[in-house]
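Understanding the architecture of this molecule
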Amino acid sequence: MDQLVVAGKTYSSRLLVGTGKYKDFAQTRAAVEASGAQIVTVAIRRTNIGQNPGEPSLLDALPPSRFTILPNTAGCYSAQDAVRTLRLARELLDGRALVKLEVLGDPHTLYPNVVETLYAAQTLVKEGFQVMVYTSDDPIIAKQLEEIGCVAVMPLASLIGSGMGILNPWNLQIIIDNAKVPVLVDAGVGTASDAAIAMELGCDGVLMNTAIAAAKDPVLMASAMRKAVEAGREAYLAGRMAKKLYSASPSSPTAGVIAPAQNKAA
Amino acid sequence: MISLTVNGERRRFEAPLTAAQLIASLELTGKRVALERNGEIVPRGQFDQQPLSDGDRIEIVVAVGGG
């Protein structure tokens, strides 16, 4: 059976989803269910300290017994803050080591700071974390992150939350061709065809949040994304036909065509 | 009287207290939280043995929605 393997653990779904920007936890849960995702990302933030007792908890809606919770470092702009955040996350999640590292470089574009990302990855791998790392679509950086010991490399398709789709499929192709760890597109997917294209390129999976959460009907879009990732994966495994500008090889037999009509008007 | 900075807010307490007592005072007992004291993780199992000192910077975090 075709499965995604990350850090030695197998997953039947190749779609990973974020949990931000939903109307409420009920909608979050419904969208996650419709997506079929087994790995869901969460952010780590200060709790309210008595201002809002009884506030519902995300992990009640998405219990860690049922889903693989992937804590992220969204909002961190330095290696040090990212490492601190994930140490807290590991404590919060009973020692689970699988994490998503992202170190941002700029609040306007949320483009990754790959230098800080490399530093953070080195520290986290040394401390025993299993690091799935968000990065740019630079093939050299992607390879360096793999060599540091990251368990998955996750280049952007386009900027976080932009929905612009895959802007540089050629770079992604190089990253995929060179990688010995899973490559997942993370960020920039806007609609189902983007996810399918990522999978057709040979990505091992796709991670998305806004494309689902910001759709008019997030639960329906989650279902569409599930199908797109599955369809793209099957198309990749099936091996597409070669492209050519036109074909001298019609799909229907050339023999046995009925006699052409006599043109009496001529 | 001691003073702690909890999630960026200054809080005063009549007497020295443990991490567990701080958690209780914030009505967070039993909730899934993680706590950092002056940049170092305090494991949940050690909350009741961890004294807090005047001037400590405490961060208490939870999981929230995010990508």
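Everything numeric here is computed off the predicted structure, so don't read it as measured data.

On to the packing of aromatic side chains, then. Considering all chains together, one arrives at zero aromatic pairs over all chains under this definition. Between the NZ or CZ atom of K100 of chain A and the centre of the ring of Y134 of chain A, over which it lies, the distance is 5.7 Å.

This paragraph deals with the interface of chain B and chain A. Of the residues lining the interface, 27 residues belong to chain B; the matching set on chain A comes to 31 residues. In this assembly, chain B packs against chain A so that about 2500 Å² is buried in total across both faces, 55% of it on carbon and sulfur atoms. Ranking the residues of chain B by area buried against chain A places R32, A63 and G67 of chain B at the top, with a combined share of 25%. Where chain B packs against chain A, one counts four salt bridges. Salt-bridge contacts for D94 of chain A lead to R32 of chain B; the nearest nitrogen and oxygen are separated by 3.0 Å. For the interface between chain B and chain A, the tally reads 16 residue pairs in polar contact (both at pLDDT 80 or more).

Here the focus is the pairing of strand β8 (residues 152-155) of chain A. Of the two faces of β8 of chain A, the one holding A152 and M154 of chain A and the one holding V153 and P155 of chain A are both buried throughout. Taking the sense of rotation as the criterion, the β-α-β connection linking strand β7 (residues 130-135) of chain A, helix α5 (residues 139-148) of chain A and β8 of chain A turns out right-handed.

What sets the pattern is the α-helix's 3.6 residues per turn: residues three or four places apart point alike. Residues and elements named next belong to chain A. Listed as buried for helix α6 (residues 169-178) are N171, L172, I175 and I176. In an axial view of α6, the angular spread of the buried residues amounts to 135°, which keeps them on one side of the axis. In α6, the exposed positions that point more than 90 degrees away from the buried face belong to W170 and D177. Buried-residue contacts for α6 involve α5, β8, β9 (184-186) and α7 (192-201).

Let us now look at the side chain of T28 of chain A. Residues and elements named next belong to chain A. With respect to the helices and strands, the residue T28 is situated in helix α1 (residues 25-35). Only 2.8 Å separates the side chain of T28 from the backbone oxygen of D24, close enough to count as a polar contact. Contacts of T28, omitting those with residues within four sequence positions, involve T19, Y22, L58 and L62.

All names here are of chain A. With respect to the element layout, S78 can be found in the loop between β5 (68-71) and α3 (79-92). Among the polar contacts made by the side chain of S78, one reaches the main-chain amide nitrogen of D81 at a distance of 3.1 Å. For S78, the residues in contact, after removing those within four places along its chain, are V103 and E116.

Okay, the sheet that holds β8 of chain A next. Residues and elements named next belong to chain A. Reading across from one edge, β6-β7-β8 is the order of the three strands in this open sheet, with parallel pairing throughout. The open sheet has two free edges, formed respectively by β6 (98-101) and β8, since each of these has just one partner strand. Across the sheet, the mean angle from the axis of one strand to that of its neighbour is 20°, orientation sign disregarded. Looking at chain direction, β6 and β7 are connected through four bridges and run parallel. Looking at β7, one finds that V99 is bridged to V131.

About the thresholds
Residues numbered from 1 in each chain as written. Chains lettered and ligands numbered in written order. Predicted model: local features only at pLDDT ≥ 70, side-chain atom pairs only at ≥ 80, totals over all residues. Heavy atoms only, no water. Phe/Tyr/Trp six-rings, centres within 6.5 Å; stacked < 30°, edge-to-face > 60°. Lys NZ or Arg CZ within 6 Å of the ring centre and 35° of its normal. Contact = heavy atoms within 4.5 Å. Buried area = accessible area lost by both parts, 1.4 Å probe. Salt bridge = Lys/Arg side-chain N within 4 Å of Asp/Glu carboxyl O. Polar contact = N/O pair within 3.5 Å; in protein donor to acceptor, adjacent residues only side chain to side chain. Buried < 20%, exposed > 50% of the residue type's maximum accessible area, 1.4 Å probe, protein only. Helix = DSSP H or I, 4+ residues; strand = E, 2+ residues; numbered from the N terminus. Right-handed = clockwise from strand over helix to strand, strands pointing away. Arc of directions from axis to C-beta. Pairing = 2+ DSSP bridges. Axes fitted to C-alpha atoms, helices over the stretch in contact; angles between N-to-C directions.

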